[in-house]
Amino acid sequence: MKINRNSLIGEVITEHPETMEVFERYGLPCAHCLALEIESLEVGARRHDLDVNKLINELNKVIEREATSNP
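As a starting point, this report considers the structure included with it. (Residues numbered from 1 in each chain as written. Predicted model: local features only at pLDDT ≥ 70, side-chain atom pairs only at ≥ 80, totals over all residues. Heavy atoms only, no water.)

On to the overall build of the protein chain, then. Helix and strand counts for the protein chain stand at four helices and zero strands. Taking all contacts inside the protein chain whose residues are at least 6 apart in sequence as the whole, residues at least 24 apart take part in 65%. Accessible area of the protein chain: about 4500 Å², with a carbon and sulfur share of 53%. (Helix = DSSP H or I, 4+ residues; strand = E, 2+ residues; numbered from the N terminus. Contact = heavy atoms within 4.5 Å. Areas by Shrake-Rupley, 256 points an atom, 1.4 Å probe, with all protein chains shown as cover.)

On to the nonpolar core. One finds Ile3, Phe23, Leu41, Leu55 and Leu59 to be the most contacted residues of the largest nonpolar core, which totals 18 residues. Broken down by secondary-structure element, the contributors of at least two residues to this core are helix H1 (9–15), helix H2 (20–25), helix H3 (41–47) and helix H4 (52–69). No other element matches H4, which puts six residues into this core. When neighbours within four sequence positions are excluded, Ile3 is seen to be in contact with Val12, Leu41, Ile56, Leu59, Asn60 and Ile63. (Core = buried A, V, L, I, M, F, W, Y, C linked by side-chain atoms within 4.5 Å. Buried < 20%, exposed > 50% of the residue type's maximum accessible area, 1.4 Å probe, protein only.)

This brings us to the pattern of salt bridges. Across all of its chains, the model carries five salt bridges by this definition. In this structure, the salt-bridge partner of Arg25 is Glu58, at a minimum N-O distance of 2.8 Å. Separated by 33 residues along the polypeptide, Arg25 in helix H2 and Glu58 in helix H4 bring together distant segments of the chain. Owing to a relative accessible area of 51%, Arg25 belongs among the exposed residues under this scheme. One salt bridge connects Arg47 with Glu39, and the closest N-O pair in it is separated by 2.5 Å. In this structure Arg47 comes out as exposed when scored by relative accessible area, which is 55%. (Salt bridge = Lys/Arg side-chain N within 4 Å of Asp/Glu carboxyl O.)

Nothing here speaks to function; it is all geometry.
Given below as structure tokens:
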């Protein structure tokens with residue numbers, strides 16, 4: 001799954017729990033957020049004044065790293 005600005009935060013975390021390190025680094029307590037299942041990355045990033053493109057790039061890097069280490 002390639003993450004994009006429309007990806008739901010809950011789906012990203014469910015399918016790729018390794019991304020929690022990125023959310024935590026950005027100060028996003030997404031695992032405990034009530035909007036977890038309905039909020040997109042774009043909305044979440046905007047709500048916290050974050051650069052959504054930078055967030056998405058980091059999330060995709062973590063997923064790619066995990067995929068290459070666990071083929």
